[in-house]
Amino acid sequence: MITSATKEKIIAAISTQRKLYSSEAKQALALGINSAQLNRIKKGEFETELSNANWIRLARILDIQFSDAPQWITAKTPTYSFIYQQLSACQASSLSAMLCDLPGIGKTYTARQYAQENANAVYLDCSQYKSKQKLIRAIAKEYGVTYTGRYNEVYNDLIYYLLSIPSPLIILDEVGDLDYAAFLELKALWNATDKCCAWYMMGADGLREKIERNKHLNKVGYAEIFDRYGNKYQEVVPQGKEAREEFLLKQVSQVARANGIQDIQKLYARSGYSLRRVYIEVQKLKVA
């Protein structure tokens, strides 16, 4: 069962998130509950208003921890600063860009943080929405647009909404996992929202290889996608073994120290320079 303390955390996160939506109705739709339920739980009437399963789902959407682990502190690593600034620039000018770099350097964390802090910016993990229908419906839901019903209506309503709000930004992570049809639909949606919507595509080296391979094979859509996303693979990590290692070590140190870990020598070996692994190791050290 979800405790009352955890429900209070969820409600606090909902209140913080409210500024990201143009109306409470759109926030409720994005959260998967109705406006009346949202209104009542914000007033504290939550003991019988939602099922335990719904509370768990809200906690997942809002990234609420069930444990009493210390709050994670964001470190302004070079990766964080680079991506955050790129996202801000893209959103401000309705531009598109593509980032292909090493896994575990903080791409996903930064993108999620940006979407949580900036109105009309949404983040999607494409590995969870590989087909075109799942992807478009997921984008619509994130914006509080009706995402059920006939696909064509969802698609057209989403386009209409993106054209009507100021500076929307859609951040797509793990893009290499998308089906071919979803790639083509992204191109169509980009065309329909040209100069009105910003896009930011992220992935590891597999995304670059997938695009280059299909461009070489002249497969329809890939050259066009590459062109629309700036004709360039953005990178954060420097080239060269020594420069790369120094960069990764610096990031591990920054994240560890920001979260109260001073003895970081063990983290170097245990993490393999992956910030995803650093998070796990730091949590272990805090609990110990």
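Notes on the structure follow. Since this is a predicted model, take the numbers as computed values, not measurements. (Residues numbered from 1 in each chain as written. Predicted model: local features only at pLDDT ≥ 70, side-chain atom pairs only at ≥ 80, totals over all residues. Heavy atoms only, no water.)

**Considerations on the packing of helix 1 (residues 4-17) against helix 4 (residues 52-62)**
(1) Moving on: Viewed as axis vectors pointing N to C, helix 1 and helix 4 meet at an angle of 50 degrees, and their least axial separation amounts to 10 Å. The angle between helix 1 and helix 4 places the two elements in the oblique class. The handedness of the crossing between helix 1 and helix 4 is left-handed. Touching K7, I10, I11, A13, I14 and Q17 of helix 1 are W55, L58, A59 and L62, all from helix 4.
(2) Moving on: Here the contact of helix 1 with helix 4 is composed, by residue class, of 8 nonpolar, 1 polar and 1 charged. (Axes fitted to C-alpha atoms, helices over the stretch in contact; angles between N-to-C directions. Helix = DSSP H or I, 4+ residues; strand = E, 2+ residues; numbered from the N terminus. Parallel < 35°, antiparallel > 145°, perpendicular 65-115°, else oblique. Left-handed = near helix turned anticlockwise from the far one by under 90°. Contact = heavy atoms within 4.5 Å. Nonpolar A, V, L, I, M, F, W, Y, C, P; charged D, E, K, R; others polar.)

**Observations regarding the sheet that holds strand 3 (residues 169-173)**
Strand-to-strand pairing in sheets goes through backbone hydrogen bonds, with the strands running parallel or antiparallel.
(1) Moving on: Strand order in the open sheet formed by 4 strands is 1-4-3-2, and the pairing between neighbours is parallel. Two strands lie at the open edges of the sheet, namely strand 1 (96-100) and strand 2 (121-125), each paired on one side alone. Geometrically, the sheet is characterised by an average inter-axis angle of 15 degrees between neighbouring strands, direction not taken into account.
(2) Moving on: Seen against the sheet, helix 6 (residues 107-117) touches strand 1, strand 2, strand 3 and strand 4 (198-203) and runs at an angle of roughly 145 degrees to strand 2. (Pairing = 2+ DSSP bridges.)

**Some points on the nonpolar core**
Soluble globular proteins tend to pack their nonpolar side chains together in the buried interior.
(1) Moving on: M98, I139, Y143, I170, L172 and W199 are the most contacted members of the largest nonpolar core, which totals 39 residues.
(2) Moving on: With 7 residues, helix 8 (residues 151-164) is the largest single contributor of residues to this core.
(3) Moving on: Once residues lying within four places of it in the same chain are set aside, the contact partners of I170 are V122, L124, I139, Y143, L162, C197, A198, W199 and Y200.
(4) Moving on: Judged by nonpolar contacts, the second largest core, of 23 residues, contains I83, A97, A198 and M202. (Core = buried A, V, L, I, M, F, W, Y, C linked by side-chain atoms within 4.5 Å. Buried < 20%, exposed > 50% of the residue type's maximum accessible area, 1.4 Å probe, protein only.)

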